[in-house]
Protein chains: 2
Amino acid sequence: MLNETAVAVLEQTGAAEPEKRIRDRGATERAILKAAKNLLAEEGFQNFGINAVARRAGCDKQLIYRYYGGLDGLVEAIGADLGNWVKDRIPEDTGGMFLLTYGDLMERLSLLFLEALREDPLMRRIVAWEVSENTEQVKRLSEARSKALGQWLDRMRGSLTPPKGVDVAAVNALIFASIQHLVLAAAAGGQCAGLLLKNGKDWEKAATALKRLVRGVYG
Amino acid sequence: MLNETAVAVLEQTGAAEPEKRIRDRGATERAILKAAKNLLAEEGFQNFGINAVARRAGCDKQLIYRYYGGLDGLVEAIGADLGNWVKDRIPEDTGGMFLLTYGDLMERLSLLFLEALREDPLMRRIVAWEVSENTEQVKRLSEARSKALGQWLDRMRGSLTPPKGVDVAAVNALIFASIQHLVLAAAAGGQCAGLLLKNGKDWEKAATALKRLVRGVYG
DNA sequence: CCGGTCTGTCACCAATCGGTGAGTAACAGT
DNA sequence: ACTGTTACTCACCGATTGGTGACAGACCGG
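Because the structure is predicted, anything quoted here is derived from the model rather than measured. (Residues numbered from 1 in each chain as written. Chains lettered and ligands numbered in written order. Predicted model: local features only at pLDDT ≥ 70, side-chain atom pairs only at ≥ 80, totals over all residues. Heavy atoms only, no water.)

Novice: Give a detailed account of the interface of chain A and chain B, specifying residues and quantitative values.
Specialist: On the side of chain B, 39 residues touch chain A, which itself brings 39 residues to the contact. Here chain A packs against chain B, burying approximately 3,400 Å² in sum over the two surfaces, 71% of which is carbon and sulfur. Summed over the shared surface of chain A and chain B, the number is zero salt bridges. The tally of links from chain A across to chain B stands at seven residue pairs in polar contact (both at pLDDT 80 or more). Of all the secondary structure elements, the ones that give two or more residues to the side of chain A that touches chain B are α8 (121-130), α10 (168-189) and α11 (200-218) of chain A. Examining the composition of the side of chain A that touches chain B, we find that 15 residues originate from one element, α10 of chain A, more than from any other. Of the residues assigned to the side of chain A that touches chain B, the class counts are 24 nonpolar, nine polar and six charged. (Contact = heavy atoms within 4.5 Å. Buried area = accessible area lost by both parts, 1.4 Å probe. Salt bridge = Lys/Arg side-chain N within 4 Å of Asp/Glu carboxyl O. Polar contact = N/O pair within 3.5 Å; in protein donor to acceptor, adjacent residues only side chain to side chain. Helix = DSSP H or I, 4+ residues; strand = E, 2+ residues; numbered from the N terminus. Nonpolar A, V, L, I, M, F, W, Y, C, P; charged D, E, K, R; others polar.)

Rendered as structure tokens:
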């Protein structure tokens, strides 16, 4: 992919000639980052490499080394970009319902997280990457993701206090783990543990089951 | 790796010379399959390829094509071998406790599955593979795994009937999803959703949280 | 106008990948 | 002992990978 501007020029002139790309480091850096994110989201981490990113960004891989210090730096940039995930996912109201109890809150958060993950292929790929490898790259990415998720949870929690006598951290980890694996398995193979997850009806079943699970522990 | 017999000869003679491997197709086939399983379990699916398997098996990759019809056939053989997972994991008694209710059963099954997955690196890699890729290879492997898991569940269930009014399939899918993701995340990074999972104490917390989750839905 | 810096391109490297065709050595049957 | 089959090895293929050094052209300050 060429710079947006360069593409525009090409389309205007209709020239088949290379028509020289614009010298704009900022734009190129952005194009590389965008290409990397799209590539990771669409193809997964399997074929995520310098060559593939450069190919998709329409520039030489040398520029990735220069501007990002190689793939590692680029991955780190993706991680930093993940910080924006928080503010994109914060609804202003509470959906018209009052969150009186911790159970209300967790039910709402679970469903929101389920929905958000279903609609975010990049985040899914990152989660899958996390459980498949343990390189430095992934560690940093994982760190950024959990940090973003933590921020999101904090913002949403408000002033509600968790119940006593329950290991909230462990229980919530299990709940979020179930959501993540459910969505990942569905995205990969259309089912999870024999449960089909294709059409909206299937997902409704999963959502009510999730509600039941949450309500079971948090009343 | 050479044939077991060839290794024995090598060790006896102490020869540094190549000392010709034994011509035993059956043994070679077994060596290849074993090498493939170990490689997948130890290194993960990332570097799982014809060359790597042949290198580890100590034979030429040509033999993998001949005996298994390439990597696909070899993966299929691994899948078929997964059928043995069932009988390896069936305890004879119920651990000294009576399983009177469906809740009793599911609590026990959850904990057993958690334990089994924690101690089975090959199975973990396969699960991680399933949620990361969607090739034919993985599909078949996934099929074999879910079939084995289904068999295991059937054997363990006995004659207990699930409660009415609950979408058992969906709820159980969520429960098993939570276990799988928990174990995968722990194996990869030592934590899951911020919850540390390193020493036995951590795992006990997770286990009690899991029990609480199960008991919450199934009483 | 000239020299240096910045942006981008290209050619090349060794290593590895999956895959194949040809050859060699050990065995079994006669 | 000769023959054919089986088990196995080796050398090579084209493609792709991550990585580097050299070069060309646009831009800017003097």
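Novice: Help me get a handle on the relation of the copies chain A and chain B, residues and values and all.
Specialist: Taken as rigid bodies, chain A and chain B are interconverted by a rotation of 180° and an axial shift of 0.0 Å, the fit giving an RMSD of 0.1 Å. With respect to symmetry, the two chain copies, as superposed, fit the operation of a two-fold axis. Comparing contact sets, 100% of the residues at the interface of chain A also lie at the interface in chain B, consistent with an isologous, same-surface contact. (Least-squares fit on C-alpha atoms with pLDDT ≥ 70 in both.)

Novice: Break down the protein's contact with DNA strand C for me, citing the residues and quoting the values.
Specialist: If you check the shell around DNA strand C, you find 20 residues, and the closest are Thr28, Arg66 and Tyr67 of chain A together with Asn51 and Lys61 of chain B. The sugar-phosphate portion of DNA strand C accounts for 52% of its atoms within 4 Å of the protein, the bases making up the rest. Between DNA strand C and the protein, one listed contact pairs a phosphate oxygen with a side-chain N or O atom of Tyr67 of chain A at 2.6 Å. Between DNA strand C and Arg55 of chain B there is a distance of 2.8 Å, counted from a phosphate oxygen to a side-chain nitrogen or oxygen. Going through the elements one at a time, α2 (25-43) and α4 (61-68) of chain A together with α3 (50-57) and α4 (61-68) of chain B are the ones with two or more residues in the surface near DNA strand C. The element best represented in the surface near DNA strand C is α4 of chain A, accounting for four residues. (Near = heavy atom within 4 Å.)

Novice: If you had to explain the pattern of salt bridges to someone new, which residues and values would you point to?
Specialist: Residue and element names in this part refer to chain A. Taken as a whole and judged by the stated rule, the model has 20 salt bridges over all chains. Note that Lys37 and Asp81 form a salt bridge whose closest N and O atoms lie 2.5 Å from each other. In this pair, Lys37 sits in helix α2 while Asp81 sits in helix α5 (residues 71-81), placing the two residues 44 residues apart along the sequence. Residue classification places Lys37 among the partly exposed residues on the basis of a relative accessible area of 25%. Across the pair Arg145 and Glu130 runs a salt bridge, and its minimum N-O distance is 2.5 Å. One end of the pair, Arg145, is in helix α9 (residues 136-157); the other, Glu130, is in helix α8, with 15 residues separating them in the sequence. Exposure class is identical for Arg145 and Glu130. Each is buried. Through salt bridges with shared partners, one network takes in Asp104, Glu107 and Arg215. (Buried < 20%, exposed > 50% of the residue type's maximum accessible area, 1.4 Å probe, protein only.)

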